[in-house]
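Inside the fold
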Amino acid sequence: MTQTLEVKPLTISPVDYFSAKLAYEMTPWTLKGLVIDKNTTACGLKADNLLILDVRSVDAFALGHLPTAINIPLADLAGKLATLPKDKTLVTYCSNLTCALAPKAALVLAEKGFKVMELSGGIATWTEYGFPVEKKA
């Protein structure tokens, strides 16, 4: 099932856009600090209040994913919303900087009232930094 998302015309200033962009993106370094290094807070977030959501395919997830991540492919997201916590910040990610799955998932989640952020650069940037990945056995 393909989801069609409505893209609204740009009605904000560049300053407002980039401020919002920074507020809703998480860098790999920040996420690593929270999840791997067990820093208690970063960017006003607490590690135990995050859920990392990999929206790539099941096969891509099995080949390697961020520690603690759960996998819900974007095509399946609408049917799984009831399984996701509204009291946590969901951090979406996909393959790389040019992959549009994570921002599309973030938009769907935000429209449904979830707190959401996107991991900048996806798993490609995460692994470029040498951060650990898990593989499904």
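Below or above, wherever it landed, is the structure these notes cover.

What counts as what
- Residues numbered from 1 in each chain as written.
- Predicted model: local features only at pLDDT ≥ 70, side-chain atom pairs only at ≥ 80, totals over all residues.
- Heavy atoms only, no water.
- Salt bridge = Lys/Arg side-chain N within 4 Å of Asp/Glu carboxyl O.
- Buried < 20%, exposed > 50% of the residue type's maximum accessible area, 1.4 Å probe, protein only.
- Patch = residues over 30% accessible without salt bridge, like charges linked within 9 Å, V, L, I, M, F, W, Y side chains within 5 Å.
- Areas by Shrake-Rupley, 256 points an atom, 1.4 Å probe, with all protein chains shown as cover.
- Helix = DSSP H or I, 4+ residues; strand = E, 2+ residues; numbered from the N terminus.
- Pairing = 2+ DSSP bridges.
- Contact = heavy atoms within 4.5 Å.
- Axes fitted to C-alpha atoms, helices over the stretch in contact; angles between N-to-C directions.
- Core = buried A, V, L, I, M, F, W, Y, C linked by side-chain atoms within 4.5 Å.
- Polar contact = N/O pair within 3.5 Å; in protein donor to acceptor, adjacent residues only side chain to side chain.
- Phe/Tyr/Trp six-rings, centres within 6.5 Å; stacked < 30°, edge-to-face > 60°.
- Lys NZ or Arg CZ within 6 Å of the ring centre and 35° of its normal.

Comments concerning the pattern of salt bridges
- Per the counting criterion, the structure on display carries three salt bridges.
- Residue R56 is joined to D54 by a salt bridge in which the shortest nitrogen-to-oxygen separation is 2.7 Å.
- Assessed through its relative accessible area of 7%, R56 is described here as buried.
- Classification of D54 by relative accessible area gives buried; the value is 0%.

A word on a nonpolar patch on the surface
- On the surface, a cluster of nonpolar side chains totalling about 430 Å² of accessible area is made up of L10, I12, Y17 and F18.
- Positionally, Y17 belongs in helix α1 (residues 14–23).
- For Y17, a relative accessible area of 36% gives the class partly exposed.

Focus: the pairing of strand β4 (residues 50–54)
- In terms of burial, β4 is largely enclosed, as five of its five residues are buried.
- Alternating positions in β4 separate into two faces, L50, I52 and D54 on one and L51 and L53 on the other, with burial throughout.
- As judged from the five bridges shared by β4 and strand β6 (residues 89–93), these two strands associate in the parallel manner. Residue pairing for β6: D54 is matched across the bridge by Y93.

Topic: the sheet that holds strand β1 (residues 25–26)
- The parallel open sheet is built from five strands, whose spatial order is β1-β7-β6-β4-β5. With one partner strand each, in any of the chains shown, β1 and β5 (70–71) form the two edges of the open sheet.
- In this fold helix α5 (residues 101–111) packs onto β4, β6 and β7 (115–119), with an angle of close to 155 degrees to the strand it touches most, β6.

A closer look at the nonpolar core
- With 18 residues, the main nonpolar core has L53, V55, L77, L84, L90 and L109 as its most contacted residues.
- Looking at this core, the elements that each hand over two or more residues are β4, α4 (74–80) and α5.
- Considering each element in turn, this core owes the most residues, five residues, to α5.
- Not counting the four nearest positions on each side in its chain, L77 is found in contact with L53, I72, L84, A105, V108 and L109.
- Core analysis: the next-biggest nonpolar cluster, separate from the first, contains 17 residues, M26, L31, M117 and W126 among them.

A word on unusual backbone geometry
- Unusually for a residue other than glycine, T68 sits at a positive phi of about 70 degrees.
- The topology assignment puts T68 in the loop between α3 (58–63) and β5.

Considering the side chain of K32
- Of note, K32 is situated in helix α2 (residues 28–35).
- A distance of 2.9 Å separates a polar atom in the side chain of K32 from a polar atom in the side chain of D37.
- With residues up to four places along the chain from it excluded, the contact list for K32 reads D37, W126 and F131.

Quick notes on the packing of aromatic side chains
- One pass over the full model with this rule turns up five aromatic pairs.
- With centroids separated by 5.3 Å and ring planes inclined at 40 degrees, the aromatic side chains of W29 and Y129 adopt a geometry described as tilted. Taken together, the residues W29 in helix α2 and Y129 in the segment after α6 (122–128) connect sequence positions 100 residues apart.
- Here W29 falls in the exposed class, since its relative accessible area comes to 51%.
- Aromatic pair W126 and F131: ring centres 5.0 Å apart, planes at 75 degrees, arrangement edge-to-face.
- A residue is classified by how much of its surface remains accessible, and W126, at 1% relative accessible area, is buried.
- A relative accessible area of 6% means that F131 is categorised as buried.
- Connected via pairs of aromatic rings, a cluster forms that spans W29, W126, Y129 and F131.
- Over the ring of F114 we find K86, and its NZ or CZ is 4.9 Å from the ring centre.

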